[in-house]
Amino acid sequence: MKAFKILSAGVQTTIQDLGRHGLMKYGIPISGAMDQRSFVIANLLLRNLDNAAALETTFQGLKLQALNKVTMSIAGADLDPWLNDRPAPQWTAFTMEEGDVLQFKKRKKGLRAYVAVQGGFDVPEVLGSRSTYIRGRIGAPLGVGETLISRPFDPEAAEDVLTLPREYRPHLDRADPIRVLMGPQDDYFTPRGIDTFLNSTYRISPQCDRQAFRTEGPAIEIAKGPDIISDPIPLGAVQVTGDGRPVILLRDAQATGGYAKIAIVARVEMDFLGQMMPGDTIRFQRIDRQKALDLLYEETQRLNRIKDLLT
Amino acid sequence: MDDIYPTIREVGEDSILVEYEEEVSLEVNRKARQLAFGLEEGLFPGLEGVIVTYRSVMVYFDPFRVDADTIRGFIEEVNATLGEIELPSPRLFRIPTTYSPAYGPDLDRVAEHTGFTPDEVIQLFSSQVYPVYFLGFICSLAYLGGVPEGLRVPRLSTPRSFVPGGSVGFAAAQANILPVDSPSGFNYIGRTFVAVYDPKQFPPTLIRPGDYIQCPAVSEKEARLAGERHLGEFVESFQNP
């Protein structure tokens, strides 16, 4: 079904799902929604599969017109969505009538909002995923005038309107440090460099996209390198470039690289990182592997409770 | 023997990095490829993926299914009989390439730097067979080694922000064929129109670590005609020199 026409594409809007897994050995990043939790919730509100393709829109400016009656949801960042002449609901399913206009007016909190539609958006699966990966020529950012198609959905499956209770909504303006696991090349830095890394505040520089955050802040003292013989880059790797500043690698990052990695961001923090933007500040806090696994397990349980609640 | 390699260390929650000797050589890379192959063939429970680079292997696993010590055990088990692991036979991709001046922005500079004439540079580069160490970076970029000593020119001091996909070039001992338009600091002397990366196919490239690549010189017209053909049409079995 024709779902929307794009009247304005905003700063960057792409189609994403949970990503393209297991292809790093072919030099293909995992891609997928930068805030996976909000993405999944947007789908759950519509009784979609977790992985149904949705729009990821960044900052502000996206404007859509419904081409049919569409049941949909918005989750993630608060980008001040308006439905015609009133604020649109967030974290809840709602309906747009043919001709209705949805517009994201102004970023209020977070950076990326997810717009899901019942059935999910219909774009071809490439290498097992519908996620856009711009550099790899898999999809492209959406442009003005494009028509978005949604996949068939059984309307009887969704009679009641689902809403995520307030207490389950993620905190997008959390000020806690980002928890990291040290290594694998933390031995390329002096003890003083490690100390700088763990006790300084870094500001996300304007050079920031789905591939990486560059940061500004105190230089980390390097003992050797920081060039290494190129090796694999895991999701959330914090590499340090020649200027001593940490660079955090995100979902569209290259699969391999030649800078020493001082730490890896704990998995549980990645959704939160996906909502950060230039000018935001970051502090890093070291945790051990067991703690990281405990946190990840708790997060999985929390999402499972949300699933139970919404089904 | 008192050998510290391979070193095995946990990375993040769900991966283990195995490193062989700290050097770029086919001998060390072969160990990494053998380990990766052995782990993939072993179908170990909980193991989710294996990535090879020059001298390292990253092993991904599901930490809620299997613990890191168990994965470490699998790695040690495979490493113990590494020498017996038979890798797939290497293949040679002969990818027609035009070295016409329009496609080689760095040809004259390479010639100047090495003391060869441009024709000698082309002759030397295009007759060489380059081993594939691994696939990585973006879009299945094949990391090639084996650039002849006399041709080894350093990277550009300022990388270009745009180099067209299909460009063929090198820096120091490394060579590559850019799969898509990219920034790069390599010296580019030619262009192929054969798609080395195609995300609509699985796998997105036919090239595997351990294969070999040659970029024989053809006319621009022949290079364009070759570009209408599939990468698989340019592969042959590789006879060790």
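Residues numbered from 1 in each chain as written. Chains lettered and ligands numbered in written order. Predicted model: local features only at pLDDT ≥ 70, side-chain atom pairs only at ≥ 80, totals over all residues.

K.L.:
Would you take a moment to explain the overall build of chain A for this structure?
P.N.:
In terms of helices and strands, chain A carries 4 helices and 21 strands. Summarising its shape, the C-alpha atoms of chain A cover approximately 60 × 40 × 35 Å along the three principal directions. Among the 311 residues that make up chain A, the fraction classed as buried is 49%. Of the contacts made within chain A by residues no fewer than 6 positions apart, 79% connect residues no fewer than 24 positions apart. (Helix = DSSP H or I, 4+ residues; strand = E, 2+ residues; numbered from the N terminus. Buried ≥ 20, exposed ≤ 12 C-beta atoms within 10 Å, placed from the backbone. Contact = placed C-beta atoms within 7 Å.)

K.L.:
For this particular structure, what's the right way to read the overall build of chain B?
P.N.:
Within chain B, the secondary structure is distributed over 5 helices and 16 strands. Its C-alpha radius of gyration of 19 Å places chain B within 12% of the 18 Å reference for a compact globule of 241 residues. Seen along its three principal axes, the alpha-carbon backbone of chain B occupies a region of about 55 × 40 × 35 Å. Put simply, chain B has 241 residues, and 46% of those count as buried. In chain B, 64% of the contacts between residues at least 6 apart in sequence involve partners at least 24 apart. (Rg over C-alpha atoms; globule rule 2.2 N^0.38 Å.)

K.L.:
Explain the sheet that holds strand 14 (residues 212-216) of chain A to me, please; I cannot follow it from the model alone.
P.N.:
Strand-to-strand pairing in sheets goes through backbone hydrogen bonds, with the strands running parallel or antiparallel. Residues and elements named next belong to chain A. Read across the open sheet, the 8 strands follow the order 20-13-14-17-16-19-12-21; overall the sheet is mixed. Of all the strands in the sheet, just strand 20 (281-282) and strand 21 (284-286) have a single pairing partner and so form its edges. Of the pairings in the sheet, the one linking strand 13 (residues 202-208) to strand 20 comprises 2 bridges and is antiparallel in character. In the strand pairing of strand 20, Arg203 is matched with Thr281. (Pairing = 2+ DSSP bridges.)

K.L.:
Would you explain the domain arrangement of chain A in this entry?
P.N.:
Reports of interface size often rely on the accessible area that becomes lost once the parts have come together. Residue and element names in this part refer to chain A. According to the domain assignment, chain A consists of domain 1 (2-168) and domain 2 (178-302). One C-alpha centre belongs to domain 1, the other to domain 2; they are set 28 Å apart. The partner domain 2 presents 14 residues to the 19 residues of domain 1 that form the contact. Those elements that provide at least two residues to the side of domain 1 that touches domain 2 are helix 1 (36-44) and strand 10 (109-117). In terms of residue class, the side of domain 1 that touches domain 2 is built from 8 nonpolar, 7 polar and 4 charged. (Domains from an automatic or database assignment. Nonpolar A, V, L, I, M, F, W, Y, C, P; charged D, E, K, R; others polar.)

K.L.:
I would appreciate a short explanation of the environment of B:Val18 in the present structure.
P.N.:
Residue and element names in this part refer to chain B. On the secondary structure map, Val18 appears in strand 2 (residues 15-19). As for Val18 and Met58, which are separated by 40 residues in sequence, their C-alpha atoms are 6.3 Å apart. In this structure, Val18 is in contact with Pro6, Ile8, Leu35, Ser56, Val57, Val59 and Ile75, ignoring residues within four places of it in sequence.

K.L.:
Mind showing me how you'd approach the sheet that holds strand 3 (residues 54-58) of chain A here?
P.N.:
All names here are of chain A. Taken in spatial order, the 5 strands make up an open sheet running 2-3-10-5-8, and their pairing is antiparallel. Only two strands of the sheet have a single neighbouring strand rather than two, namely strand 2 (12-16) and strand 8 (93-96). Along the sheet, successive strands turn relative to each other by an average axial angle of 30°, direction set aside. The pairing of strand 5 (residues 70-78) with strand 10 spans 6 bridges and is antiparallel. Paired with Ser73 across the bridge in strand 10 is Ala116. Across the sheet, helix 1 lies against strand 2, strand 3, strand 5 and strand 10, angled at about 155° from strand 5, the strand it touches most. (Axes fitted to C-alpha atoms, helices over the stretch in contact; angles between N-to-C directions.)

K.L.:
Sorry, what's going on with the pairing of strand 3 of chain A here?
P.N.:
Consecutive residues of a regular strand have side chains that alternate between opposite faces of the sheet. Residue and element names in this part refer to chain A. Within strand 3, 5 of the 5 residues are buried, which leaves it mostly tucked inside the rest of the structure. By the alternation rule, side chains of strand 3 split into Ala54, Glu56 and Thr58 and Leu55 and Thr57, which are all buried. Pairing of strand 2 with strand 3, which is carried by 5 bridges, proceeds in the antiparallel orientation. Within the sheet, the bridge partner assigned to Thr14 lies in strand 3 and is Glu56.

K.L.:
Just to check I follow, could you spell out the packing of helix 1 (residues 26-42) of chain B against helix 2 (residues 68-80) of chain B for this structure?
P.N.:
If you want to describe how two helices pack, look at the angle between their axes and the distance between the axes. All names here are of chain B. Where helix 1 contacts helix 2, the two axes come as close as 9 Å, and the packing angle between them is 120°. Crossing geometry of helix 1 relative to helix 2 is assigned as right-handed. When helix 1 is examined against helix 2, the residues Leu35, Gly38, Leu39 and Gly42 are found in contact with a partner set consisting of Phe74, Val78 and Asn79. Broken down by class, the residue content of the contact of helix 1 with helix 2 amounts to 4 nonpolar, 3 polar and no charged. (Left-handed = near helix turned anticlockwise from the far one by under 90°.)

K.L.:
Which parts of the structure should I look at to understand the confidence of the model for chain B?
P.N.:
In this model, chain B carries a mean pLDDT of 95, and residues with pLDDT of at least 70 account for 99%. This prediction of the complex comes with two scores: 0.95 for pTM and 0.94 for ipTM. (pLDDT = per-residue confidence, 0-100.)

K.L.:
Help me out: how do you make sense of the interface of chain B and chain A in this one?
P.N.:
Taken residue by residue, the interface counts 32 residues in chain B and 30 residues in chain A. Contributions of two or more residues to the side of chain B that touches chain A are made by strand 1 (7-11), strand 2, strand 3 (47-52), strand 4 (56-61) and strand 7 (130-136) of chain B. Split by residue class, the side of chain B that touches chain A holds 18 nonpolar, 8 polar and 6 charged.

K.L.:
Even after reading the chapter, I still don't get the environment of A:Pro278, so can you show me in this structure?
P.N.:
All names here are of chain A. Within the secondary structure, Pro278 is located in the loop between helix 3 (270-273) and strand 20. Taking C-alpha positions, Pro278 is 7.4 Å from Arg203, a pair spaced 75 residues apart along the chain. Excluding residues within four positions of it along the chain, Pro278 makes contact with Ile204, Ser205, Pro206 and Cys208.

K.L.:
It is not clear to me how unusual backbone geometry should be interpreted in this structure. Could you clarify?
P.N.:
Of all residues except glycine, most have a negative phi; of all peptide bonds, most are trans. The step from A:Gly183 to A:Pro184 runs through a cis peptide bond, and the omega angle for that step is 5°. Tracing the sequence through the fold places A:Pro184 in the loop between strand 12 (178-182) and helix 2 (191-199). The step from B:Phe202 to B:Pro203 runs through a cis peptide bond, and the omega angle for that step is -5°. Turning to its location among the elements, B:Pro203 is positioned in the loop between strand 13 (187-191) and strand 14 (212-214). A positive phi angle, near 50°, is found at A:Ser31, a position not held by glycine. The residue A:Ser31 is located in the loop between strand 2 and helix 1 in this model. For B:Ala172, which is not a glycine, the phi torsion comes out positive at approximately 50°. Checked against the element boundaries, B:Ala172 lands in the loop between strand 10 (167-171) and strand 11 (174-177).

K.L.:
For this particular structure, what's the right way to read the environment of A:Ile41?
P.N.:
Residue and element names in this part refer to chain A. Along the chain, the position of Ile41 falls in helix 1. When the 26 C-beta atoms within 10 Å are taken as the criterion, Ile41 is described as buried. For the pair Ile41 and Ala116, spaced 75 residues apart in sequence, the C-alpha separation works out to 9.4 Å. Dropping the residues within four chain positions of it, Ile41 is found in contact with Ala75, Leu164 and Ile306.

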